[in-house]
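So the chains spell out like this:
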Amino acid sequence: MSRNLVFKLSLSFLRVSYNSFVRTVQRGFDLNLRSQKKFKILGIGLFLTLLFLAFLEFISFAASDTAQDVNAEENKPNILWLVLEDTSPILPPYGDNTIVTPNISRLAREGVTYTNVYSPSGVCSPSRASLALGMYPSSIGANHMRTSSHTEITGLPVYEAVPPPQARMLSQYLREQGYYTTNNYKTDYQFQAPKNAWDESGIFAHWRNRPQGKPFFSVVNFTTTHESGLFEPYGFREVEMRHYFSDNAERIAKLPSNHIHKTTESETAKHVKKDTNFPIPPYLPDTQAVRRDMWKMYNNIAETDRQLGAVLEQLEQDGLLDNTVIFFYSDHGGPLPRQKRLIYDSGLKVPLIIRFPEAKNAGEIDNQLVSFVDFAPTTLTLVGQNVPEHMHGRDFIQKDTEQRKYVHAAADRFDGLTDTIRAVKDKRYKYIRNYRPDQGYYLPVKYREKIPSMRELLRLRDAGGLTDVQAQWFRQTKEVDELFDVTTDPHELVNLANNPAHAAKLQVLKNEMDRWLDQIEDDPLMSERNLIDKLWGGKSIKPKTKDPEVTLRNGMASLSSATFGASISYKIIQKNYEPVAWEIYSDPFAFSEGATLKVQAHRIGYEESETIFYEARK
């Protein structure tokens, strides 16, 4: 009999015996003397059963030369997401050899490189909402960047995205499947994550902290490539040094946690020569300021490649490389002007490389269309869980699943400035619909204007020094419809919408956009104020999750909240020890006298409930 079979049989036997025993315990307090004797016999029987199972388990594990994690025995892979910020596919695996990226290139050699992957937004918070929930940001009130900021300009209240009541974060679904879930450093989901969303979230989060035998889902965020990495004075965020010793809490604690703390340029590693012949896109001028920003962008990517390599080295040291599915991608397109925040491919298209256990399908190129809303369904499929019906995405890894024909995107408010744009794209053509044609494309976002090349564009614009291509972004009005052939016009500079030769394709994509907007119930003409009213059910203030209720019966605790869709988090505090992680409530659990229960309820997008404490008494 195999180790795996013995162990599974043992677990099944133990579960049956344990459940039977618990039911007896629940009735045991009312037993008469004769029944109590039977109760003792049952207890002895369970004890002997446990000894027998322990013996079987010992034999099973002793049969192997090397003890392996239980998740390997059950064929549950670990999942590792390596997430860059603000990075287009300007990497060697995608044909850009401006710099060398040994670690990213290794992932490509040993994994599958996806060439048509798109964020549904050109900025991080909406994109991260879609990754966390498997839904389009514009369907749940997550598309305005950010829902919690610039209220002094907009005059709007702080609010959050509100997904359907049954929606949970991907990390919650995986915790329910027995995964240890960690998120290192960045969240930014357009909503506050429930307390039970992660086992760990923050700069100290690491898969190495998991209990022995647990598979893990770990997200590691790398922020060196962020748009702010182009600001002057130039340097690397000091907090990003944590990747080189990311399981050493003592060293990490000594780093300044705020991202504004950067190394000086003199002490910043220079991985790229400043006189490199950088591939400057045609919408940017070839000036000294722009070339310096190009150097910073590529130098930041090269540094991130080394940080990523340090994380992969830890995975190999732990012997987990070949039991882990590694996703490498960026949260949206590049950091330069006319990239981030825009709905062109420069703002939406990202690299994605997936390395499968034992380098399965190594070196393959996959050209199918992939959207961020597909990441959560695909990850759930990898761990054997069904995809919830409310998710908009689909699994893109299994060979027998239908490939998508289109990807979709949206752009609305950025900081204090609003536009309304929607886009749909097949493999060759992109259709853009501008709902504010009388408004220019360029939005004077103050944060972006900290980039030297953005200031250079504005200087040349005012001096009349831009080419026609470079001046396009600053035109005062827009066409309602735009159509681009991205195979011949990758920078989306030639609008084909009024070309009769492309009328049929234009109509097909317009119909697809209408279908998509109807499917996800996105009304682009709805004002943000009315959107908030819709999210809040017509109330003038953000809805608050009802406080949890605790019911204790026969030593078993049941938790509930009157708010439909609320996720309930709890901790059991015993002998003055409070666990760090909150548990996800699903079924009644044993709760003994002398312990204290700490409970909170939270529906995503609502205010959290009050935290209540409950003590078991006789």
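Starting from 1, residues in each chain are numbered consecutively following that chain's sequence as written. Per-residue local features of the predicted model are confined to residues with pLDDT of at least 70, and side-chain atom pairs are confined, for both listing and counting, to 80 or more; whole-chain, interface and lining totals are unaffected and use all residues. By convention in this description, side-chain values take in all heavy atoms of the structure and omit both hydrogens and water.

**Describing the overall build of the protein**
We count a stretch as a helix when DSSP gives it H or I for four or more residues in a row; a strand needs E for two or more, and each element gets its number in order from the N terminus. Counting its secondary structure elements, the protein contains 15 helices and 19 strands. In the protein, which comprises 618 residues, the share counted as buried stands at 56%. Any two residues having at least one pair of non-hydrogen atoms within 4.5 Å are treated as being in contact. Pairs at least 24 apart in sequence give 71% of the contacts found in the protein among residues at least 6 apart. Summed over all atoms, the accessible surface of the protein reaches about 27,500 Å², with 51% contributed by carbon and sulfur. Each residue's exposure class comes from its accessible area (1.4 Å probe, protein chains only) as a fraction of the maximum for that residue type: buried when under 20%, exposed when over 50%, partly exposed otherwise. Residue-level accessible areas treat just the shown protein chains as cover; the underlying method is Shrake-Rupley with a 1.4 Å probe.

**Here's the deal with the packing of aromatic side chains**
Each Phe, Tyr or Trp ring (for Trp, its six-membered ring) is paired with any other whose centre lies within 6.5 Å, and the angle between the two planes then decides the class: stacked below 30 degrees, edge-to-face above 60, tilted in between. Counting across every chain of the model gives 27 aromatic pairs. Where Phe 278 meets Tyr 298, the ring centres are 5.6 Å apart and the plane angle is 15°; that geometry is what we call stacked. Linking Phe 278 in the loop between α8 (249–253) and α9 (288–317) with Tyr 298 in helix α9, this pair joins segments that are 20 residues apart in sequence. For the pair formed by Phe 278 and Tyr 298, the shared burial category is buried. A centroid spacing of 5.5 Å and a plane angle of 40° characterise the contact between Trp 473 and Phe 474, whose relative ring orientation is tilted. Comparing Trp 473 with Phe 474 shows no difference in burial state: the two are buried.

**Quick look at the confidence of the model for the protein**
On a scale of 0 to 100, pLDDT captures the predictor's confidence in every residue. Summarising the model, the protein shows a mean pLDDT of 90, and 88% of its residues fall at 70 or more. Note on residues 1–44: pLDDT under 50 across the span, and 33 contacts to partners over four residues away in sequence or across chains. Residue range residues 46–73 is modelled with pLDDT below 50. Its contacts to residues more than four positions away, or to other chains, number 34 contacts.

**As for α9**
Expected helix span is computed as 1.5 Å times (number of residues minus one). A rise of 1.5 Å per residue sets the reference length of α9, with its 30 residues, at 44 Å; its end C-alpha atoms lie 44 Å apart and thus fit the reference within 8%. Counting buried positions over the 30 residues of α9 gives 22, a clear majority of the element. Once α9 finishes, Gly 319 follows within two positions and takes phi at roughly 70°, a positive value.

**Description of the nonpolar core**
Considering soluble globular proteins, one finds that nonpolar side chains tend to be buried as a cluster. Leu 82 and Leu 308 are the most contacted members of the largest nonpolar core, which has 68 residues in total. Of all the secondary-structure elements, those providing two or more residues to this core are β1 (78–84), α4 (102–110), β5 (216–222), α9, β6 (324–330), β9 (407–414), β10 (417–425) and α12 (452–463). Sequence-distant contacts of Leu 82, that is, excluding residues within four places in its chain, are made with Leu 107, Val 220, Phe 222, Leu 308, Val 311, Leu 312, Ile 326, Phe 327, Phe 328 and Tyr 329. Listed in part, the 44 residues of the second largest apolar core include Val 117, Ala 132, Leu 170 and Leu 352. Side-chain atoms within 4.5 Å are what join buried Ala, Val, Leu, Ile, Met, Phe, Trp, Tyr and Cys residues into a set we call a nonpolar core.

**Quick notes on the environment of Arg 292**
In this structure, Arg 292 sits in helix α9. For Arg 292, a relative accessible area of 23% puts it in the partly exposed group. Remark: the alpha-carbon pair of Arg 292 and Lys 274, spanning 18 residues in sequence, is separated by 7.3 Å.

**Quick word on the sheet that holds strand β14 (residues 556–560)**
The sheet built from three strands is open, its strands ordered β13-β14-β17 with antiparallel pairing. Looking at strand neighbours, the two that pair on one side only are β13 (549–553) and β17 (589–590), the edges of this open sheet. Think of it this way: DSSP has to see at least two bridges between two strands before they count as a pair. Bridge count between β13 and β14: five bridges; the pairing is antiparallel. Each residue of the ladder has a partner; that of Arg 553, found in β14, is Met 556.

**With respect to the packing of α4 against α9**
Orientation of α4 relative to α9, taken along the N-to-C sense of each, is 55°, at an axis distance of 7 Å. Classified by the angle between their axes, α4 and α9 sit oblique to one another. Side by side, α4 and α9 meet where Pro 102, Asn 103, Ile 104, Arg 106 and Leu 107 of the first sit next to Asp 305, Arg 306, Leu 308, Gly 309, Leu 312 and Glu 316 of the second. Think of it as three bins: nonpolar holds Ala, Val, Leu, Ile, Met, Phe, Trp, Tyr, Cys and Pro, charged holds Asp, Glu, Lys and Arg, and polar takes everything else, Gly as well. Its residues assigned to classes, the contact of α4 with α9 shows five nonpolar, two polar and four charged. The convention used is that axes are lines fitted to C-alpha atoms, helices contributing only their stretch in contact, and that angles between N-to-C directions extend from 0 to 180 degrees. Here roughly perpendicular refers to angles of 65 to 115 degrees, roughly parallel to angles under 35, roughly antiparallel to angles over 145, and oblique to all remaining angles.

**With respect to unusual backbone geometry**
For the bond running from Met 145 to Arg 146, omega is -10°, close enough to zero to count as cis. Of note, Arg 146 is situated in the loop between α5 (124–133) and α6 (151–154). Cis geometry marks the peptide bond from Glu 232 to Pro 233; its omega dihedral reads -5°. Of note, Pro 233 is situated in the loop between β5 and α8. With a phi angle near 60°, Asp 188 is a residue other than glycine that sits in the positive phi range. Mapped onto the secondary structure, Asp 188 falls in the loop between β3 (180–184) and β4 (200–201). With a phi angle near 60°, Glu 521 is a residue other than glycine that sits in the positive phi range. Locating Glu 521 in the fold gives a position in the loop between α14 (503–520) and α15 (528–535). The class of Glu 521 is exposed, set by a relative accessible area of 59%.

**A closer look at α5**
When you tally the buried positions in α5, you get 10 out of 10 residues, the bulk of the element. Turning to α5, its buried residues are Cys 124, Ser 125, Pro 126, Ser 127, Arg 128, Ala 129, Ser 130, Leu 131, Ala 132 and Leu 133. Where α5 is buried, its residues touch β1, α7 (170–176), β5, β6 and α11 (375–382). The positive-phi residue at the C-terminal boundary of α5 is Gly 134, with phi of around 70°.

**Considerations on the side chain of Thr 181**
Tracing the backbone shows Thr 181 in strand β3. Among all residues touching Thr 181, those that are not within four sequence positions of it are Ser 171, Leu 174, Arg 175, Ala 197, Trp 198, Asp 199, Glu 200 and Phe 217.

**A closer look at the side chain of Thr 379**
Position of Thr 379 relative to the elements: it lies in helix α11. Dropping the residues within four chain positions of it, Thr 379 is found in contact with Ile 79, Trp 81, Leu 170, Leu 174 and Phe 327.

**Here's the deal with the sheet that holds β10**
Sheet strands associate in pairs through backbone hydrogen bonding, adopting either a parallel or an antiparallel arrangement. Reading across from one edge, β9-β10-β11-β12 is the order of the four strands in this open sheet, with antiparallel pairing throughout. Each end of this open sheet is capped by a strand with a single partner; those strands are β9 and β12 (481–485). Looking at each pair of strands side by side, their axes are set apart by 15° on average, direction ignored. Here β10 pairs with strand β11 (residues 429–434) via five bridges, running antiparallel. Following the sheet pairing, Ala 423 is matched in β11 by Ile 432.

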